[in-house]
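Each chain is listed here by its residues.
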There are 2 protein chains.
Amino acid sequence: MTTTIATGWPTRELVLGDLATAQGRVVGGLRLRYRVLGDVAAAAENGWILVFHALTGSSELEAWWGPLVGPGRALDTSRHAIVAANLLGSCYGSTGPTEWKTQHSDAFPELTPEDLARAHLPLLDHLGVQRLALATGGSLGGMVALQWGRVTSVPTARLVVFAAPTAASPQAIGWNAVQRMAIEADPAWQGGLYPTGHGPVAGLAAARALAMITYRSGAEFQARFGRQSSRSEGVFDVEHYLRRQGDKLVARFDAASYVALMRAMDLQEVGDLTVAAQDTARRVGRVIGVGIDSDILYPATEVREWVAAYQAAGAPAEYREIASLYGHDAFLIEWDQVDRILRDG
Amino acid sequence: MTTTIATGWPTRELVLGDLATAQGRVVGGLRLRYRVLGDVAAAAENGWILVFHALTGSSELEAWWGPLVGPGRALDTSRHAIVAANLLGSCYGSTGPTEWKTQHSDAFPELTPEDLARAHLPLLDHLGVQRLALATGGSLGGMVALQWGRVTSVPTARLVVFAAPTAASPQAIGWNAVQRMAIEADPAWQGGLYPTGHGPVAGLAAARALAMITYRSGAEFQARFGRQSSRSEGVFDVEHYLRRQGDKLVARFDAASYVALMRAMDLQEVGDLTVAAQDTARRVGRVIGVGIDSDILYPATEVREWVAAYQAAGAPAEYREIASLYGHDAFLIEWDQVDRILRDG
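Once a new chain begins, its residue numbering starts again from 1 and follows that chain's sequence as written. To label them, take the chains in the order written and letter them from A, then take the ligands in the order written and number them from 1. Confidence filtering applies because this is a predicted model: local features only for residues at pLDDT of at least 70, side-chain atom pairs given and counted only at 80 or more, and all residues used for totals across whole chains, interfaces and linings. Computation of side-chain values covers all heavy atoms of the structure but excludes hydrogens and water.

In this section: the overall build of chain A. We count a stretch as a helix when DSSP gives it H or I for four or more residues in a row; a strand needs E for two or more, and each element gets its number in order from the N terminus. Counting its regular elements, chain A contains 14 helices and 13 strands. What the globule rule says is 2.2 Å times the number of residues to the power 0.38, and the radius of gyration is computed from C-alpha atoms. Against the 2.2 N^0.38 benchmark of 20 Å for 345 residues, chain A shows a C-alpha radius of gyration of 19 Å, consistent with a compact globule. For the C-alpha atoms alone, the extent of chain A along its principal axes is close to 60 × 45 × 40 Å. The long-range fraction of contacts in chain A, counting pairs at least 24 apart against all pairs at least 6 apart in sequence, stands at 73%. Accessibility throughout is a Shrake-Rupley quantity obtained with a 1.4 Å probe, and a residue counts as covered only by protein chains that appear here. With an accessible surface of roughly 12200 Å², chain A has 50% of that area assigned to carbon and sulfur atoms. Two residues qualify as a contact provided that any one of their heavy atoms is within 4.5 Å of a heavy atom in the partner residue.

Okay, structure coming up:
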């Protein structure tokens, strides 16, 4: 099936063969929605690029990394072909839990970032990709990129990981736990078995509002909102903003996908860092770990630590840092710095 | 009414006269539950001590500052008399919203930390307190202490403020906004009009779980929980802990009081810092602002900044810092450091 979407690049779908998940299930019939942007002929010479999206992203790369994509840009569509798939478990065309439950009697499989990475192997095989010039992503996409480095059978020249840990910290799991609790407090959740399109609106909005605080920084909120109440009588602007962010996500995302992908983030774990670094060094030419100085979700220090551990294990790892007021979301905002890292990284 | 509680000090109640709130209401008939610990005769010579509790505290001082209270301790019951009242809006004997709605047709008044401080003036008058050796509190109690410095008519030798801002930051308001959203996602909330004892269990638990993350630190969670799942199959220990903290609060606290006091925290604002400092300097001998190096809720830098502003305005303000792994809650954990600051501070 091929659908042409607004941005001009066609969206395609691939039904995967059996996927053996890290939790020990073998799952057949999973569908991956993906797009290929750029020049496939040039990519045969210069290599392909593989991009993994973050928690609520999609294969529509221009929607969230637009300024980086195009001829002459860091993700150069005149020199490369770029593959971006919707991650398994998401709700933008790949198989996720809400669609799954309409067609299956068993539960949607629990997926890890390693599973999400492995699902791309049959896709690259299908596309005839022999080597990657670059594999990259931020946040959950960065976790998947780290797993890609460990498991890929497609040689990858550079792996650029933005704002992602090799193992989810207990504090990061805690933020997700609270989001689960907020979603569960909404009776529309029904343990995830709500009728499609009738999910937990208030619970998911609360979860997103919490996530937004962890995606930004106190300093940004201070500069942007201060203690103003200019939007709504008796409501501080920061609260008005967070509620609006909640509403916006509810309108575009499925709660069960959100929960499935949060769980995947909790399960991020590359295992022994020396082994992971050595596995990665056999598959990847250079690993660039990028921290963000104001990130409170996956602090720069976590990135610095795994880069140091990879280096200590002899892997070709390097550390870069984005300086930003914007916190974790800086990899979706600081275009000049992200462009420079992706280009020269 | 006098009730003797387990710790031996009697609990008493005072019905206040009209309270003119900062939001412009005049409210009569509010009841303040309080306790007096220590030696009233000695206090006539050495001064009284006034303590303000934090969000979910009570007048039962020993329950949360126990190691600091007693003969020869920082809150020396052989040399002072110590007054601790349950804050207005709370659910431990003072008038709060859930009790209010059973007796009134109008809404419970919106209260600020300044209101919570002012409510203590008739209490000290009732007790015949002429001067305070010390007024202190942490978190919300620290906010109330800061307001006390601005408005007290009872001369106060030392004001010791733990981990509290002169104005709630937009990020701190954001954490509270998400907690409100989680509570509202629980239909049992009913806009706060639930039947007494039938409040939003799941929503309040989610709110408390979020608060607990902001009360602690990522480093503590790393040391304490790591990525272990030893308590419950498939559930990380940090999530097990947060859910248990939620359940424990639900069993002991009222949701409408929680919302009312969160709102008070959002409304913390001493106004112009120079004016506030000067008002305080006329009433207070020394102001000690105490930051906690790992506090993510009210970062040490916020405390350092208001202390510097008070100093710049000529107020006798000093900065102290608690070094701790435990984050915001360190003022309830680091007994040696808190004791030293309260004693010599």
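Now, onward.
So, about helix 14 (residues 335–344) of chain A. Side chains three or four residues apart in an α-helix point the same way, a direct result of the helix having 3.6 residues per turn. Along helix 14 of chain A, the residues classified as buried are Gln337(A), Val338(A), Asp339(A), Ile341(A) and Leu342(A). Looking at the packing, one finds that the buried side of helix 14 of chain A touches helix 2 (62–65), strand 8 (75–76), strand 10 (132–138), strand 11 (156–162), strand 12 (284–292) and strand 13 (317–322) of chain A. Summary of the burial criterion: residues with accessible area below 20% of their type's maximum are buried, those above 50% are exposed, and those between are partly exposed, where the area comes from a 1.4 Å probe applied to protein chains only.

Let's shift gears to the pattern of salt bridges. Two side chains of opposite charge can pair, provided their charged atoms sit close to one another. Here, a salt bridge means any side-chain nitrogen of Lys or Arg that lies within 4 Å of a carboxyl oxygen of Asp or Glu. Under the counting rule described, the total for this entry stands at 42 salt bridges over all chains. Among the salt bridges present, the one from Glu114(B) reaches Arg118(B), with a minimum N-O distance of 2.9 Å. One end of the pair is Glu114(B) and the other is Arg118(B), both in helix 4 (residues 113–118) and four residues apart, which spans about a single turn. Judged by relative accessible area, Arg118(B) falls into the partly exposed class, the value being 32%. Where salt bridges share partners, they join Arg180(A), Glu184(A), Asp266(A), Glu239(B) and Arg243(B) into one cluster.

Time to look at the nonpolar core. Where a protein is soluble and globular, its nonpolar side chains tend to be buried together. Buried residues of nine kinds, namely Ala, Val, Leu, Ile, Met, Phe, Trp, Tyr and Cys, make up a nonpolar core once their side-chain atoms join them within 4.5 Å. Trp148(A), Tyr258(A), Trp148(B) and Tyr258(B) are the most contacted members of the largest nonpolar core, which totals 186 residues. Setting aside chain neighbours within four positions, we find Trp148(A) in contact with Leu50(A), Phe52(A), Ala117(A), His120(A), Leu121(A), Leu124(A), Leu132(A), Ala135(A), Val154(A), Thr156(A) and Leu159(A).

Right, let's get into the confidence of the model for chain A. Detailed conclusions should not be drawn from predicted coordinates in areas where pLDDT is low. Residue and element names in this part refer to chain A. Confidence scores per residue from the predictor, reported as pLDDT, run from 0 to 100. The share of residues in chain A with pLDDT of 70 or more is 97%, and the mean pLDDT across the chain is 96. Predicted confidence is poor over residues 1–6, with pLDDT under 50, and the contacts of this stretch with residues over four places away or in other chains come to 12 contacts. We note a pTM of 0.96 for the whole complex and an ipTM of 0.96 for its interfaces.

So, about the interface of chain B and chain A. With 44 residues of chain B at the contact, the number on the chain A side is 44 residues. Once two parts are put together, the accessible area they lose, assessed with a 1.4 Å probe and summed over both, is termed the buried area. For the pairing of chain B and chain A, the buried interface totals around 3400 Å² over both sides, and the portion due to carbon and sulfur atoms is 68%. On the chain B side of the interface with chain A, the three residues burying the most area are Pro170(B), Met181(B) and Arg227(B), jointly 21% of the side's total. Counting the contacts that link chain B with chain A gives six salt bridges. One salt bridge in this structure joins Arg243(A) and Glu184(B), with 3.0 Å as the shortest N-O distance. When residues in the side of chain B that touches chain A are grouped by element, the largest group, 12 residues, is from helix 7 (residues 170–185) of chain B. Of the residues belonging to the side of chain B that touches chain A, the class tally is 24 nonpolar, 11 polar and nine charged. Only Asp, Glu, Lys and Arg are considered charged in this grouping, and only Ala, Val, Leu, Ile, Met, Phe, Trp, Tyr, Cys and Pro are considered nonpolar; every other residue, Gly among them, is considered polar.

Inspection of the secondary structure puts Glu302(B) in helix 13 (residues 300–312). Despite being buried, Glu302(B) has no salt bridge partner; Arg227(A) is the closest side chain of opposite charge, sitting 9.1 Å away. Contacts of Glu302(B), omitting those with residues within four sequence positions, involve Pro165(B) and Ser169(B). Counted as positive: Lys and Arg. Counted as negative: Asp and Glu, with His and the chain ends omitted from the count.

For the rest of this paragraph, the subject is the relation of the copies chain B and chain A. The copies were overlaid with a least-squares fit restricted to C-alpha atoms from residues scoring a pLDDT of at least 70 in each copy. Overlaying chain B on chain A yields an RMSD of 0.0 Å, the required transformation being a rotation through 180° with an accompanying axial translation of 0.0 Å. These values place the two chain copies in the arrangement generated by a two-fold rotation axis. A shared binding surface is used by both copies, with 100% of the interface residues of chain B retained as interface residues in chain A.

So, about helix 11 (residues 255–266) of chain B. Residue and element names in this part refer to chain B. A rise of 1.5 Å per residue sets the reference length of helix 11, with its 12 residues, at 16 Å; its end C-alpha atoms lie 17 Å apart and thus fit the reference within 8%. When we look at burial in helix 11, the residues that qualify are Ala255, Ala256, Ser257, Tyr258, Val259, Leu261, Met262, Arg263, Ala264, Met265 and Asp266. Looking at the buried positions of helix 11, the neighbouring elements they touch are helix 3 (97–103), helix 4, helix 6 (140–151), helix 7, helix 8 (201–215) and helix 10 (237–252). If you check the start of helix 11, you find a side-chain oxygen 3.3 Å away from the backbone N of Ala256, and it comes from Asp254. The span expected for a helix works out to 1.5 Å for each residue beyond the first. N or O atoms within 3.5 Å of each other form a polar contact, as long as, within protein, one can give a hydrogen and the other can take it, and as long as residues adjacent in sequence are counted only when both atoms are side-chain atoms.

Now for the packing of aromatic side chains. The geometry of an aromatic ring pair is captured by the separation of the ring centres together with the interplanar angle, meaning the angle of the planes. All names here are of chain A. Centre distance within 6.5 Å is the pairing criterion for rings of Phe, Tyr and Trp, where only the six-membered ring of Trp is used; planes under 30 degrees apart are then read as stacked, over 60 as edge-to-face, and the remainder as tilted. Counted by the stated rule, this structure contains 23 aromatic pairs over all chains. Between Trp189 and Tyr194 the ring centres are 5.9 Å apart and the planes differ by 45°, which places this aromatic pair in the tilted class. Residue Trp189 shares its accessibility class with Tyr194, and that shared class is buried. Seen in terms of ring centroids, Phe221 and Phe225 are 5.5 Å apart; in terms of plane orientation they differ by 70°. Their pairing is edge-to-face. Residue classification places Phe221 among the buried residues on the basis of a relative accessible area of 0%.

Residues and elements named next belong to chain B. Across the seven residues of strand 11 (residues 156–162), six count as buried, placing the element largely inside the fold. By the convention used here, strands pair only if DSSP detects at least 2 bridges between them. Of the strand pairs in this sheet, strand 10 (residues 132–138) and strand 11 are connected by six bridges, and their pairing is parallel. Pairing of Gly137 across the sheet is with Val161, part of strand 11. A crossover counts as right-handed when, viewed with the strands pointing away from the observer, the path leading from the first strand over the helix to the second turns clockwise. In the classification by handedness, the crossover that spans strand 10, the intervening helix 6 and the parallel strand 11 is right-handed. Note that strand 11 and strand 12 (residues 284–292) share six bridges and pair parallel. Directly across from Leu159, in strand 12, lies its bridge partner Val287.

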